[in-house]
Amino acid sequence: MRTLLLMAIALFTYVIDVHGQLTGRVEHSTKDDYEDENVFSLKEQGMLMVSFHKKSENGKRWVKFELFDTDLKLKGVDSLQVDKGMYVYTSKYENKKNYLILRESGGEFAVLVYDPATRKITVTDGEYTRKGSMRDITIDKDMVVFSSTQKRLDRIGIINLKTGESRFADMHFEGVRDRKVFILENTVIDNIIYTLVKVDKALYLVRIDMQGNQLGETLLADGEEAMILQASISKAGKNFFVTGTYTKKKKGLAQGIYFAELDNWKFKYVNYYNFLDLSNFTEYMSDKRQKKIERKKEKAEAKGKELLLNYNMASHDIITDGKDYFYLGEAYYPTYTTTYVGNTMTTRFDGYAYTHAVLVKFDKSGKLLWDVCFPMKPTFKPFYVKRFVSSAMESNNVHLLYADKKTFVSKLFSNADGAVLKDRNVEQIDTDKENEKIKRPKPANSQHWFDNHFLVYGTQIVKNTDTGDRRKVVYVNKYTIK
């Protein structure tokens, strides 16, 4: 009976390694008139490449928008002029449109809304302080909502794309210095901005309308039991839920995750889970390191204490199947390079390295039902906190996709118990032409596009092995997991 059961599991759960799934490619010579190419996914609507002309005239330069279909065939090219100092600050695809935010060192900004259905570009200009950040950008209808820090003051920015008007809601809390106030996340639900704000050790929920008026604030947690570091709020029916990471130190990295429900804008309950409470959290480690941590945990428990591990965690928004809820987080750490010039030592930030990801399922009472952990090693180290994993519900199971080393990974987890139903790996190839070879390959950027398709892009030196000719190109490759 045991043999038959193992055979059934082996047939149902499988890993597929596939080679050569390059299904589309775009190339631009680095010698053409444009530079600073940016690649944006438009999901099933295609891909958008935005680039800037190398030369400017009268303080302006051209920005080129190239729209490609899902086979990477060019559909159309459009251009407009912007101030020559403008650069891409961030972009977001929402409501079947691409919202591209350009900024200038003096503080000016422009929001360029590109509609791939009509190829129409709408521009909204504005001005914001040079030292003011714009993060956690949310698009809701014709409004852009973002968090910002300006001279140690955190505030909510609201841009009306129809009128160009900007409004701000400053986060002041009586008796607390502004530098101890930090906005964790904004969520727009039913035209109301729900802002989770860390105030010293405490967590507040602030509600703001689209005119920047504060509708109310509520203390969610005082930070005595644990200090919340990250928070994501979502609405399911009439209920609001919050999840993220916490620490039990005054300052430090995440030591666990939590799940909470809101009732009358207060926590109805909040359940904290130490990372080591997760049954599979240390699976990515070597056997030797796992055993060492297990011994430390047992010693701490024997003394009536709790062993805590410290991690940076890139938390995702809550995933739901309509009944239960899923937390997804990616663990990372900063890396540095050290150089010596004579007796002078210089240390430079060299990007974030990622180690593993964790998927945890909760029921609506906050009870942990199951968890899984899997290793990650992206091909490049981003200089910002990037979320490499894309998620979706597929036939009521959890489908995760991400790029790892030189492969693309597709994992399907059972909703019932977290078992891996499918595990597919596709190896990247640099070119689909037998007479071409990539010289001095560099780490490429990659992102999930749609369904089982990925985009990989960067620069390459391509050598024709028949003629010996070389060309340096900006390229975009489409890969498909079949």
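In this text, all values refer to a predicted model and were calculated from it rather than measured experimentally.

(A) Local environment of a positive patch on the surface. Together, Lys288, Arg289, Lys291, Lys292, Arg295, Lys296, Lys299, Lys303 and Lys305 make up a positively charged patch on the protein surface. Of note, Lys288 is situated in helix 2 (residues 287–302). A relative accessible area of 72% means that Lys288 is categorised as exposed.

(B) Broad picture of the layout of surface pockets. Within this model, the second largest pocket holds a volume of roughly 190 Å³. Together, Lys97, Tyr99, Val113, Asp115, Thr118, Lys120, Thr122, Lys141, Asp142, Leu161 and Lys162 line the second largest pocket. Counting residues per element, the ones that place at least two in the lining of the second largest pocket are strand 8 (97–103), strand 9 (108–115) and strand 10 (120–127). A breakdown of the residues in the lining of the second largest pocket according to their chemical character gives three nonpolar, two polar and six charged.

(C) Inspection of the sheet that holds strand 10 at higher detail. Judged by pairing direction, the sheet is antiparallel, and its four strands sit side by side in the order 7-8-9-10 without closing on themselves. Either end of the sheet is taken by a strand with one partner, and the two such strands are strand 7 (87–94) and strand 10. Neighbour to neighbour, the strand axes of the sheet diverge by 20 degrees on average, direction disregarded. With six bridges joining them, strand 8 and strand 9 adopt antiparallel strand pairing. Paired with Tyr99 across the strands is Val113, a residue of strand 9.

(D) Fine view of helix 2. Compared with the 22 Å implied by 1.5 Å per residue over 16 residues, the 23 Å span of helix 2 between its first and last C-alpha is a close match. Where helix 2 is concerned, the buried positions are Ile293, Lys297 and Ala300. The buried residues of helix 2 occupy one face: seen down the axis, they fall within an arc of 65 degrees. Of the exposed residues in helix 2, those oriented more than 90 degrees away from the buried face are Asp287, Lys288, Lys291, Lys299 and Ala302. Just downstream of helix 2 lies Gly304, where phi reads positive at about 75 degrees.

Reading the values: rules and limits
Residues numbered from 1 in each chain as written. Predicted model: local features only at pLDDT ≥ 70, side-chain atom pairs only at ≥ 80, totals over all residues. Heavy atoms only, no water. Patch = residues over 30% accessible without salt bridge, like charges linked within 9 Å, V, L, I, M, F, W, Y side chains within 5 Å. Areas by Shrake-Rupley, 256 points an atom, 1.4 Å probe, with all protein chains shown as cover. Salt bridge = Lys/Arg side-chain N within 4 Å of Asp/Glu carboxyl O. Lys, Arg positive; Asp, Glu negative; His and termini not counted. Charge placed at Lys NZ, Arg CZ, Asp CG, Glu CD. Helix = DSSP H or I, 4+ residues; strand = E, 2+ residues; numbered from the N terminus. Buried < 20%, exposed > 50% of the residue type's maximum accessible area, 1.4 Å probe, protein only. 1 Å grid on protein atoms, 1.4 Å probe; cavity = no way out; pocket = protein on both sides within 12 Å on 5 of 7 lines; lining within 4 Å. Points joined across faces, edges and corners; volume = space filled by probe spheres on them. Nonpolar A, V, L, I, M, F, W, Y, C, P; charged D, E, K, R; others polar. Pairing = 2+ DSSP bridges. Axes fitted to C-alpha atoms, helices over the stretch in contact; angles between N-to-C directions. Expected span 1.5 Å × (residues − 1). Arc of directions from axis to C-beta.

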